[in-house]
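Residue-level listing of the chains:
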Amino acid sequence: MNASLETPQVIILLGPPGAGKGTHAPKLSQHLQVPHISTGDLFRYHLKEKTTLGEIADKYIQKGELVPDDIVIDMVIDRLSESDCKNGCILDGFPRTTFQAVSLESKVTDKIIKAIYFKASDEILFERITGRLCCKECNAVYHKSFFPPKEQDICDKCQSTLFQRKDDTKEVLKKRLEVYHLQTDPLIHFYDKKNALTEINVENTNSLEDIFQDILFSLKETTLSPS
Ligand SMILES: [Zn+2]
């Protein structure tokens, strides 16, 4: 059964790589019947359609530079004004900076802004990500300790040899987490101060369904409206 939100909400997902945002975002979108907007998809759309914003962004991308905040903000605000967002939406990958968060707040006046923070310690993320084993043939994913294949390094489903993704090493993850903390910690603080942050602990043994229920519950709680 799908639920709808009483007050339209802009739901911001914050959390480190490996914490499960990618698993829950589509599920939440389907459950609440609101679009899941990722900045990656937005960029691809604007570049492909060669919109005015896309052409401006492209100039920076061609030069290997970061697309300035105000271009990204315009893309998001533009998307939020579409009719499918009238009951709310889920934002993934935005805001990335406090400046973006402040802009979002000043431009969204008809919806409540809430942030959901998928919390897991770096140690847990290391364990999860560096233990991951994947199958090239059928895309099955295993874990050395939590979900090992029946036969070592062999896929249960198709008997292919399992491998570890290049990005799933300690060194790569360490860099990703550093960047993540630098970017996201100020945002967590920003939304926490506004009483608009819910922490979802994803490191204990709760099942995915329990975590999902926690998320839904957090969206029902009353929060201060952004004024
Ligand atoms: Zn396989």
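Residues numbered from 1 in each chain as written. Predicted model: local features only at pLDDT ≥ 70, side-chain atom pairs only at ≥ 80, totals over all residues.

*Asks:* Is there a simple way to think about the pairing of strand β4 (residues 112–119) in this case?
*Replies:* Put simply, side chains in a regular strand alternate between the two faces of the sheet. For β4, a buried count of seven out of eight residues is recorded, marking the element as mostly surrounded by other parts of the structure. The pairing of strand β1 (residues 9–14) with β4 spans six bridges and is classified as parallel. The residue of β4 that forms the bridge with L14 is Y117. (Buried ≥ 20, exposed ≤ 12 C-beta atoms within 10 Å, placed from the backbone. Helix = DSSP H or I, 4+ residues; strand = E, 2+ residues; numbered from the N terminus. Pairing = 2+ DSSP bridges.)

*Asks:* Got a minute to help me understand the sheet that holds strand β5 (residues 132–135) in this structure?
*Replies:* Hydrogen bonding along the main chain pairs the strands of a sheet, whether they run parallel or antiparallel. In spatial order, the strands read β6-β5-β7; together these three strands make up an open sheet with antiparallel pairing. Two strands bound the open sheet, and with one partner strand each, they are β6 (141–143) and β7 (162–163). Two elements, β5 and β7, share two bridges in a ladder whose sense is antiparallel. What sits directly across from C134, in β7, is F163.

*Asks:* Got a minute to help me understand the packing of helix α4 (residues 69–80) against helix α5 (residues 98–107) in this structure?
*Replies:* The axes of two packed helices give the description: the angle between them and the distance between them. It is at 10 Å that the axes of α4 and α5 come closest, and there the two elements cross at 35°. α4 and α5 meet at a crossing whose hand is right-handed. The residues of α5 that touch α4, namely those facing D69, V72, I73 and I77, are F99, Q100, S103 and K107. Residue composition of the contact of α4 with α5, by class: four nonpolar, two polar and two charged. (Axes fitted to C-alpha atoms, helices over the stretch in contact; angles between N-to-C directions. Left-handed = near helix turned anticlockwise from the far one by under 90°. Contact = placed C-beta atoms within 7 Å. Nonpolar A, V, L, I, M, F, W, Y, C, P; charged D, E, K, R; others polar.)

*Asks:* In this structure, what is going on with the environment of A101? I would like to understand it.
*Replies:* You can see A101 is positioned in helix α5. Along the sequence, A101 and Y191 sit 90 residues apart, while their C-alpha atoms lie 8.9 Å from each other.

*Asks:* Please clarify how the confidence of the model for the protein should be interpreted in this entry.
*Replies:* Interpretation of this model should avoid reading the predicted coordinates in detail wherever pLDDT is low. Of all residues in the protein, 94% attain a pLDDT of 70 or more, and the chain-wide mean is 89. Residue range residues 222–227 is modelled with pLDDT below 50. Its contacts to residues more than four positions away, or to other chains, number 10 contacts. (pLDDT = per-residue confidence, 0-100.)

*Asks:* It is not clear to me how helix α2 (residues 39–48) should be interpreted in this structure. Could you clarify?
*Replies:* For an α-helix the count is 3.6 residues per turn, leaving residues at separations of three or four pointing the same way. Listing the buried residues of α2 in full gives L42, F43 and H46. What you see down the axis of α2 is that its buried residues fit within an arc of 100°, all on one side. Those residues of α2 that are exposed and angled more than 90 degrees off the buried face are G40, R44 and K48. On the buried face of α2, the contacting elements are β2 (36–38), α3 (52–62) and α4. Backbone geometry just downstream of α2 places K50 in the positive-phi region, at approximately 50°. (Arc of directions from axis to C-beta.)

*Asks:* I keep staring at unusual backbone geometry and nothing clicks. Help me out?
*Replies:* With the exception of glycine, most residues fall at negative phi, and the peptide bonds are largely trans. A cis geometry characterises the amide bond from F94 onward to P95, with omega recorded as -10°. With respect to the secondary-structure elements, P95 resides in the loop between β3 (88–92) and α5. For Q33, which is not glycine, the phi torsion reads 60° and is therefore positive. Relative to the helices and strands, Q33 is located in the loop between α1 (21–32) and β2. The phi torsion at D153 lies on the positive side, around 60°, for a residue other than glycine. Relative to the assigned elements, D153 resides in the loop between β6 and β7.

*Asks:* Sorry if this is basic, but what is going on with the sheet that holds strand β8 (residues 197–201) here?
*Replies:* Across the sheet, five strands lie side by side as β2-β3-β1-β4-β8; this open sheet has parallel pairing. Of all the strands in the sheet, the pair left with one neighbour each is β2 and β8. Each strand axis lies, on average, 25° off the axis of its neighbour in the sheet, ignoring direction. Here β2 pairs with β3 via three bridges, running parallel. Directly across from I37, in β3, lies its bridge partner L91.

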